[in-house]
Amino acid sequence: MEGDPISKLCTPAMVVDVDIVKRNAQRMVDRYQDLGVKLRPHMKTHKTLECGDIMTGGTRRCVVVSTLAEASFYADHGFDDILYAYPLPFDKLERCAALSERLSLFQVLLDHPEALELLSKRPLRAGHPWHVWLKLDCGNGRAGVLHSEPEALQLAQAIAKTEGVELTGVYAHCGNSYHCKGVEKIQAVAQETTTLTLQFMEKLRAVGINCKSSIGSTPSCSHPIKDMGQLSEVHPGNYVFYDVQQSLIGSCSMEDVAVRVLTRVIGHCPHRNQLLVDCGWAALSQDGAGRLPSGYAVIEGHPDLKLLSMTQEHGRVEPITGELDYSKYPLGSLLKLVPYHSCATAMMHSVYHVHSGGRLVGKWFPTRGW
């Protein structure tokens, strides 16, 4: 099918504009080269080799993953310097150990003394140390030990002192930037997270500990502040695809969104003033929960239409106002949905159809599972 227009695809289908992907990736590289900070791209959005190559410039080094399935997938295909940025799962210790013993650099993350105790009781073979990042909560309110609590410094010191374990760095996620709207507010969150992280690094240096620092989120990393130049690394991920949510936050413009879900009109429902389409939540996800004026997605080229609701395999589309002109939407006609959240949408698809200028150039197959 290479060379065919994307309109030839059976629907629903997720399509990725490779030119936009490459542009988004290069812009992020350029930002952090200018700041002198290492970019450690997150693989969680796309979970593919091809996009990993684009984001790392073909080096297959210095990446972040959110699942051990991703870690194993990338390790199996020649990637190294992998950070598993998820609080150490107690049931997956042996899988982490196997990757640590196999790769030149596999890194884990923890935020609790019991996780450190587990590592100390499972020394790695051949003198390999556990490479550990401390997860710090700087206001995001998810995982991590709170930056202001004495326990944070105590845990960092315990990691540094534990035999067979090295404190590689401090990792903070400014996911609270997703609640922002506009560059000024995004940068305020980035400033707060950066400041708190750098203050914590000062506390570490005061007790003789030197290690790396890393913060990340696509909004904050899309609009870096000057002080981020004092960090060692940043770790954004969604930026390679972007989505409607990111455009509303202010991370990007709609022209930067690289993904669409293609769907076809499969029914006319005049008694409801609706169209029926072949995209349900199994192809788009329900993330976003109809927060947009256009419902669960933006329908490209049709600002007057709304994806009102979805069941597993069906979507209901209606006009935002007025009556539908069914002659504009014959059965079998194609609509392009711009997803609210590309990470969630990508998880719905076992293959991404990649195109350049609307012509198919290949397929990407993401890894799945945990």
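So, a few notes on the structure that sits alongside this text. Because the structure is a prediction, the values reported are computed rather than measured.

**Considerations on the side chain of Glu 101**
Inspection of the secondary structure puts Glu 101 in helix α4 (residues 93-102). Glu 101 gets classed as buried once you look at its relative accessible area, which sits at 15%. Polar contacts involving the side chain of Glu 101 include one to the side chain of Arg 125, which spans 2.9 Å. Beyond its immediate stretch of four places on either side in the chain, Glu 101 contacts Arg 122, Pro 123, Leu 124, Arg 125 and His 128.

**Quick look at helix α7 (residues 183-206)**
For α7, with 24 residues, the first-to-last C-alpha span of 34 Å sits near the 34 Å given by 1.5 Å per residue. Within the span of α7, buried status applies to Ile 186, Val 189, Ala 190, Thr 193, Thr 194, Leu 196, Thr 197, Leu 198, Phe 200, Met 201 and Leu 204. Next to the buried residues of α7 lie β6 (130-137), α6 (150-161), β8 (165-173), β9 (212-216), α8 (218-222) and α9 (244-249). Count one or two residues on from α7 and you reach Gly 208, which has phi positive near 85°.

**Considering the environment of Val 361**
Tracing the backbone through its elements, the reader meets Val 361 in strand β18 (residues 359-364). Accessibility expressed as a relative area gives 39% for Val 361, which makes it partly exposed. Sequence separation of Val 361 and Met 1 is 360 residues, and the distance between their C-alpha atoms is 8.2 Å. Excluding residues within four positions of it along the chain, Val 361 makes contact with Glu 2, Val 18, Val 354, His 355 and Ser 356.

**Some words on helix α3 (residues 68-76)**
Counted residue by residue, α3 has seven buried out of nine residues, so it is predominantly covered. Those residues of α3 lying buried are Leu 68, Ala 69, Glu 70, Ala 71, Phe 73, Tyr 74 and Ala 75. On the buried face of α3, the contacting elements are α2 (49-55), β3 (61-65), β4 (80-87), α4 and β5 (106-110). Where α3 ends, the next residue or the one after it, Gly 78, has phi of about 90°, a positive value.

**Section: the pairing of strand β16 (residues 334-339)**
Every regular strand shows the same layout, with side chains that alternate between the two sheet faces. Where strand β11 (residues 259-269) and β16 come together, four bridges link them in antiparallel fashion. Residue Arg 264 lies in a different strand from β16, and its bridge partner there is Leu 334.

**Some details on the packing of aromatic side chains**
Per the stated rule, a full pass over the model turns up five aromatic pairs. Consider the rings of Tyr 84 and Tyr 86, whose centres lie 6.4 Å apart with planes at 15°: the pair is stacked. The class of Tyr 84 is buried, set by a relative accessible area of 3%. For the ring pair Trp 133 and Tyr 171, a centre distance of 6.3 Å and an interplane angle of 85° mean the geometry is edge-to-face.

The rules behind each value
Residues numbered from 1 in each chain as written. Predicted model: local features only at pLDDT ≥ 70, side-chain atom pairs only at ≥ 80, totals over all residues. Heavy atoms only, no water. Helix = DSSP H or I, 4+ residues; strand = E, 2+ residues; numbered from the N terminus. Buried < 20%, exposed > 50% of the residue type's maximum accessible area, 1.4 Å probe, protein only. Polar contact = N/O pair within 3.5 Å; in protein donor to acceptor, adjacent residues only side chain to side chain. Contact = heavy atoms within 4.5 Å. Expected span 1.5 Å × (residues − 1). Pairing = 2+ DSSP bridges. Phe/Tyr/Trp six-rings, centres within 6.5 Å; stacked < 30°, edge-to-face > 60°.

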